[in-house]
Amino acid sequence: MPAVPPWRWHEGVAGRQGVSRVSGGVVVVGAVNVDLVVTVDRLPTAGETVIGPRVSRHGGGKGANAAVAAARAGADVMLVGAVGDDDTGRGALDELHAEGVDFAAVAVLGDVPTGVALIVVDTRGENQIAVGLGANGRVDRDRVRAALLDALPGAGCVLVSSEVPIEAVAVAVETAVAVDVACILNPAPVLPGLAGLLVPRPGCRGPLLTPNAGELAALVGEGPSGVRAAGLAARTGAPVVVTLGGEGALVVEPDGWLEHLPPYPTTVCDTTGAGDTFNGVLAAHLAAGADLLDAAQAANVAAALSVARPGARSGMPTAAALAAALSA
């Protein structure tokens, strides 16, 4: 195992050449949902009913969204997950096929429905989300392990989101880090037992974590984001990238080195899926051999572009659109 993690940006050699077209295999382990979105003037408070003029349906799930973002960024992507044997599940798989995502490792289950996310979005683009796991709650650790062992020889990065059972999350992280493949763990939500995955086993580093500010607080408590992220990175022996919404992102190395990526100017329509876009593009660029700072910068810009259109995926940029934004 190399003494320095391959994503250590300030000792990396990759630059921005070729950012408009990336390559490299990404395996995503995570949820597949359908998103039902209601647009309102303001978000409801507890016990309040708010009426909106529009309801729309979009493909969703953190795993599926990130897989689409990585595919649009130019990566070869395989998704590991589960859907129900219903019209919703078949529609979700059709959408993934249209995006070029390999879904051979997505189980189709006959006794449970496809997952659903109920999303309320206000005029500022802020949202509230409740998720019914459905088939996502049945993502099986043995299936995840088998899929990863089959795919890892050709993969440059494994991205794991935590909308699936903790047992599946654990085996995905453990399988990736055991063979020294870059592993991103997006702790959204912060599941019970997740903290145990952050302590590296002897001879292995922990996964690269990508919490938002709220998830970082759930993992390590309140306090300045930079200080908390630095402590988390030192504990896991791997970088931490904190997404800060309209304030950009924070990249922290295990030795305490820190870089703030400022927000990319954008018009906010809907923030749903911005974090998924960030993670998918980050994984795509790391898989292609980019150093962490360049990969995080591309992800930061891609996330900003994604919020300019409604729905989790409609604003996700293509590789060409992202390259144009980065060059500007």
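If you're wondering where the values come from, they're calculated on a predicted model, not measured in any experiment.

Okay, the overall build of the protein next. A tally of regular secondary structure across the protein gives nine helices and 13 strands. Taking 2.2 N^0.38 as the reference for a compact globule, 328 residues should give roughly 20 Å; the C-alpha atoms of the protein span a radius of gyration of 18 Å, in line with that estimate. The principal-axis extent of the C-alpha atoms belonging to the protein is close to 55 × 40 × 40 Å. The buried share among the 328 residues of the protein stands at 55%. If you take every contact in the protein between residues at least 6 apart in sequence, the share linking residues at least 24 apart comes to 71%. Accessible surface for the protein amounts to roughly 13200 Å². Of this, 55% is attributable to carbon and sulfur atoms. Averaging the coordinates of the 20 positive side-chain charges in the protein and doing the same for the 32 negative ones gives two points 0 Å apart.

Glancing now at the pairing of strand β2 (residues 33–39). Where β2 meets strand β3 (residues 54–60), seven bridges bridge the pair, whose relative direction is antiparallel. By the bridge assignment for β3, N33 is matched with G60.

In a regular helix each residue adds 1.5 Å, so 14 residues correspond to 20 Å; helix α7 (residues 274–287) covers 20 Å between its end C-alpha atoms and thus fits that length. Counted residue by residue, α7 has 13 buried out of 14 residues, so it is predominantly covered. Residue G289 follows α7 closely and has a positive phi angle near 100°.

A surface patch of nonpolar side chains, amounting to about 240 Å² of accessible area, comprises I129, V131 and L133. Positionally, V131 belongs in strand β7 (residues 127–132).

Below, the discussion takes up the layout of surface pockets. In this structure, the largest pocket encloses a volume near 1100 Å³. Those elements that provide at least two residues to the lining of the largest pocket are β2, α1 (62–72), β6 (115–121), β7, α5 (213–220), α7 and α8 (292–306). Looking at the lining of the largest pocket element by element, the count peaks at five residues for α7. Here the lining of the largest pocket is composed, by residue class, of 17 nonpolar, 19 polar and seven charged.

The subject of this paragraph is the pattern of salt bridges. In the structure shown here, the tally under the stated rule is ten salt bridges. The partner of R313 in a salt bridge is E95, and the shortest N-O contact between them spans 3.6 Å. Here E95 lies in helix α2 (residues 87–98) and R313 lies in the loop between α8 and α9 (319–327), a separation of 218 residues in the sequence. One salt-bridge network, in which partners are shared between bridges, spans R57, E95 and R313.

Next up on the list: the environment of V227. With respect to the helices and strands, the residue V227 is situated in helix α6 (residues 225–236). With relative accessibility at 59%, the residue V227 sits in the exposed group. C-alpha separation for the pair V227 and A73, spaced 154 residues apart in sequence, amounts to 32 Å.

Here we take up the confidence of the model for the protein. On average, residues of the protein score 89 in pLDDT, and 92% of them reach the 70 mark or higher. Within the model, pLDDT remains below 50 along residues 1–21, and this stretch shows 42 contacts once partners closer than five positions in the same chain are excluded.

Tracing the chain through its elements places R228 in helix α6. From its side chain, R228 meets the backbone oxygen of G221 in a polar contact 2.9 Å long.

Another point: the sheet that holds β6. Taken together, the four strands give an open sheet; going across it, the order is β3-β2-β6-β7, and neighbouring strands pair in mixed fashion. Strands with a single pairing partner mark the edges of an open sheet, and in this sheet they are β3 and β7. Direction aside, the axes of adjacent strands within the sheet are offset by 20° on average. With seven bridges joining them, β2 and β6 adopt parallel strand pairing. When the bridges of β6 are listed, D35 appears paired with A117.

Conventions we followed
Residues numbered from 1 in each chain as written. Predicted model: local features only at pLDDT ≥ 70, side-chain atom pairs only at ≥ 80, totals over all residues. Heavy atoms only, no water. Helix = DSSP H or I, 4+ residues; strand = E, 2+ residues; numbered from the N terminus. Rg over C-alpha atoms; globule rule 2.2 N^0.38 Å. Buried < 20%, exposed > 50% of the residue type's maximum accessible area, 1.4 Å probe, protein only. Contact = heavy atoms within 4.5 Å. Areas by Shrake-Rupley, 256 points an atom, 1.4 Å probe, with all protein chains shown as cover. Lys, Arg positive; Asp, Glu negative; His and termini not counted. Charge placed at Lys NZ, Arg CZ, Asp CG, Glu CD. Pairing = 2+ DSSP bridges. Expected span 1.5 Å × (residues − 1). Patch = residues over 30% accessible without salt bridge, like charges linked within 9 Å, V, L, I, M, F, W, Y side chains within 5 Å. Salt bridge = Lys/Arg side-chain N within 4 Å of Asp/Glu carboxyl O. 1 Å grid on protein atoms, 1.4 Å probe; cavity = no way out; pocket = protein on both sides within 12 Å on 5 of 7 lines; lining within 4 Å. Points joined across faces, edges and corners; volume = space filled by probe spheres on them. Nonpolar A, V, L, I, M, F, W, Y, C, P; charged D, E, K, R; others polar. pLDDT = per-residue confidence, 0-100. Polar contact = N/O pair within 3.5 Å; in protein donor to acceptor, adjacent residues only side chain to side chain. Axes fitted to C-alpha atoms, helices over the stretch in contact; angles between N-to-C directions.

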